[in-house]
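Observations on the three-dimensional arrangement
Each chain is listed here by its residues.
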Amino acid sequence: MSEPIVRYNNVTKYFDDLQVLDGIDFEIQPGEKVALIGPSGSGKTTFARLLMTLEEITDGTIEVEGDYLWHEQDDNGDLKPASTDHLRKVRSNIGMVFQHFHLFPHMTVLENVMEAPVTVQGRDKKEAKKSAEDMLDKVGLLDKADTYPAQLSGGQKQRVAIARALVMDPKVLIFDEPTSALDPELVGEVLDVIKDIADQGDTSILLITHEMDFAKEVADRIAFFDGGKIIEDGPPSEILYNPQAPRLKEFLERFMNTQSSPE
Amino acid sequence: MWDWNYAFEVLPDIASALWVTISATLVGFVLALVVGLIWTLLIRSNNKIISNVADGIVKFIRNTPLLVQLYFIFYVFPQFGLSLEPFTAGVIGLGLHYSTYLSEVYRSGIESVGPGQWEVATALNFDTRKTWTRIILPQAIPPVLPVIGNYFITMFKETPLLSAITLVEILQTAQNIGASTFRYTEPLTIVGVLFLLLSYPASVALRQLEIRVTERY
Ligand SMILES: Nc1ncnc2c1ncn2[C@@H]1O[C@H](COP(=O)(O)OP(=O)(O)O)[C@@H](O)[C@H]1O
Ligand SMILES: [Mg+2]
């Protein structure tokens, strides 16, 4: 197997005295699509936010393409906390789509997608506009290029947010419950877009979701979180239809029972 | 009581001093806008020492009278080798004093921008400077523009204080005329009317701006 694109080594996270992640080892292969499932509060979001550098790691290391994310090696090969420059360099491989979209309200849809390529990557404006338009076309919103986010539906906002993340060409794209803030009738259009990306892209995907059917459809692998640990990790068929851990069985049963009306 | 001939006679002199008042307001306000933003950023610094020192200075300036500060800059600084023209001293005093109010206005604007905007800026790998200039400030400033405009008008109306440090602005001019002719009614009335003529339209324009801003957000 090739070098993993992401590797967590014994990663631990505390918020003050509260331990949220408990010595996690985890790998994502290039192009691999991994879904994270598990009860609320089990640490899935924190796990992903560490990779996006939105939370600081307490202990352990994360590697992205063999580079430490939160650390740098000094001349003796010892690890020290990463400088801002190093953090930015390694972070440029990662992208994230948030539950609540967080579009830039003061920019049009096109500007939202063009902004980071121009400002952050220093790409030529014309060329960035072209790729932003391609991206908007991909998520089916090219006709909304000149509108402001306030005029979009939740589903459309999330599709713009996906285009905005994707245009940066990340090697790993994180989705944290991308549809759970949406009205039920708008979930499908967003899932379709994510499915497209998963099918055609060599982007690795880390998808936190409560949509089990969708996880099964897009993921090569599902990891089950409970109490700050990954309890079980395997192909969707194994995790969903042949669960071993009692906590996972319980979780899935409760899930099937509470799942609302058929879609 | 009221002598129109006399009024028209003194009007040109007073009106020409208006230029001093207006330029002191403009320069002072630009200073306040810039320094106010610097205070806000310093107070938000992760470095506790920087943040506390900046916060202390701002509180000190905000809670002492502008007039005392003007006297200090004009009459005390020279003892430490810093002699300033009345205009320069006045503009620094005004700008510094109002920078502390504007710092507070910026702060409330910045806090109205949700944490998600900061997070998405990190996720898209913006550096600190571009996060501020491209994402945070363009959202933080428009909602507080009406408040900023209000301070502008207030500052304009406070410029007569600069006569206390010998700046010959519009009030001082009227006083000088009054002192030489022993007629104060016309010159002082003209000063009042000139202030009204300038600040009233400004506050009407501000009201319009306020309506536009609230519509947009
Ligand atoms: N910024 C924070 N400060 C303190 N506690 C937090 C913070 N973020 C998350 N937590 C806590 O960490 C635990 C895991 O949260 P989270 O990672 O959001 O789980 P999940 O995404 O699986 O629901 C929860 O107990 C939550 O309350
Ligand atoms: Mg979560």
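Residues numbered from 1 in each chain as written. Chains lettered and ligands numbered in written order. Predicted model: local features only at pLDDT ≥ 70, side-chain atom pairs only at ≥ 80, totals over all residues. Heavy atoms only, no water.

Looking at an unreviewed UniProt entry, chain B carries the name Amino acid ABC transporter membrane protein 2, PAAT family (TC 3.A.1.3.-), with the source organism given as Alkalibacterium thalassium. What UniProt records for chain B under Sequence similarities (unreviewed entry) is the sentence "Belongs to the binding-protein-dependent transport system permease family." The heading Subcellular location (unreviewed entry) in the UniProt record of chain B holds the text "Cell membrane". (UniProt positions renumbered as here; feature names shortened; annotations may be inferred.)

Looking at an unreviewed UniProt entry, chain A carries the name Amino acid ABC transporter ATP-binding protein, PAAT family (TC 3.A.1.3.-), with the source organism given as Alkalibacterium thalassium. If you open the UniProt record of chain A and go to Subcellular location (unreviewed entry), you find "Cell membrane". Among the UniProt annotations of chain A, the heading Sequence similarities (unreviewed entry) holds the following wording: "Belongs to the ABC transporter superfamily."

**Regarding the sheet that holds strand S11 (residues 221-226) of chain A**
All names here are of chain A. Spatially, S8-S9-S10-S3-S11-S12 is the arrangement adopted by the six strands of the open sheet, whose pairing is mixed. Each edge of the sheet is formed by a strand with only one pairing partner; in this case those strands are strand S8 (94-97) and strand S12 (229-234). Along the sheet, successive strands turn relative to each other by an average axial angle of 20 degrees, direction set aside. Bridge count between strand S3 (residues 33-37) and S11: four bridges; the pairing is parallel. (Pairing = 2+ DSSP bridges. Helix = DSSP H or I, 4+ residues; strand = E, 2+ residues; numbered from the N terminus. Axes fitted to C-alpha atoms, helices over the stretch in contact; angles between N-to-C directions.)

**Focus: the site of ligand 1**
Residue and element names in this part refer to chain A. What surrounds ligand 1 is the set Phe15, Leu18, Val20, Pro39, Ser40, Gly41, Ser42, Gly43, Lys44, Thr45 and Thr46. Here glycine 43 contributes a backbone N or O atom positioned 3.0 Å from an oxygen atom of ligand 1. Looking at the shell around ligand 1, the elements with two or more residues in it are strand S2 (18-28) and helix H1 (44-51). For the shell around ligand 1, the element with the most residues is H1, which contributes three residues. The class makeup of the residues in the shell around ligand 1 is four nonpolar, six polar and one charged. (Near = heavy atom within 4 Å. Polar contact = N/O pair within 3.5 Å; in protein donor to acceptor, adjacent residues only side chain to side chain. Nonpolar A, V, L, I, M, F, W, Y, C, P; charged D, E, K, R; others polar.)

**A look at the packing of aromatic side chains**
Counted under the stated rule, the structure contains 16 aromatic pairs over all chains. On the numbers, 5.7 Å between centres and 40 degrees between planes, the contact of B:Tyr71 with B:Tyr75 is tilted. Residue B:Tyr71 and its partner B:Tyr75 are located together in helix H3 (residues 66-76), separated by four residues, close to a single helical turn. By relative accessible area, which is 36% here, B:Tyr71 ends up partly exposed. Take B:Tyr75: its relative accessible area is 40%, and that puts it in the partly exposed class. One aromatic cluster in this structure is built from A:Tyr8, A:Phe26, A:Phe47 and A:Phe225. Between the NZ or CZ atom of A:Lys13 and the centre of the ring of A:Phe15, over which it lies, the distance is 4.8 Å. (Phe/Tyr/Trp six-rings, centres within 6.5 Å; stacked < 30°, edge-to-face > 60°. Buried < 20%, exposed > 50% of the residue type's maximum accessible area, 1.4 Å probe, protein only. Lys NZ or Arg CZ within 6 Å of the ring centre and 35° of its normal.)

**What about the UniProt feature "transmembrane region" (unreviewed entry) in chain B?**
Residues and elements named next belong to chain B. Per the UniProt entry, the sites bearing "transmembrane region" (unreviewed entry) are residues 16-39 and 188-206 in this numbering. End C-alpha atoms of residues 16-39 are separated by 35 Å, and the span's content is 100% helix alongside 0% strand. A distance of 27 Å separates the end C-alpha atoms of residues 188-206, which is 100% helix and 0% strand.

**Side note on unusual backbone geometry**
Here the phi dihedral of A:Asp16 falls at roughly 55 degrees; this positive angle occurs in a residue that is not glycine. A relative accessible area of 75% places A:Asp16 in the exposed class. One non-glycine residue, B:Phe182, adopts positive backbone phi at about 60 degrees. Looking at the element boundaries, B:Phe182 is found in the loop between helix H7 (170-181) and helix H8 (185-216). Judged by its relative accessible area of 71%, B:Phe182 is exposed.

**Things to note about the nonpolar core**
If you look at the biggest cluster of nonpolar residues, it comprises 85 residues, and the most contacted ones within it are A:Phe26, A:Leu36, A:Phe47, A:Leu51, A:Ile62, A:Leu136 and A:Leu206. With eight residues, the single largest contributor to this core is helix H6 (residues 184-200) of chain A. Not counting the four nearest positions on each side in its chain, A:Ile62 is found in contact with A:Val6, A:Arg7, A:Tyr8, A:Val11, A:Leu50, A:Leu51, A:Ile57, A:Asp67, A:Tyr68, A:Leu69 and A:Trp70. One finds B:Phe29, B:Leu70, B:Leu102 and B:Val105 within the second-largest nonpolar core, a separate group that totals 20 residues. (Core = buried A, V, L, I, M, F, W, Y, C linked by side-chain atoms within 4.5 Å. Contact = heavy atoms within 4.5 Å.)

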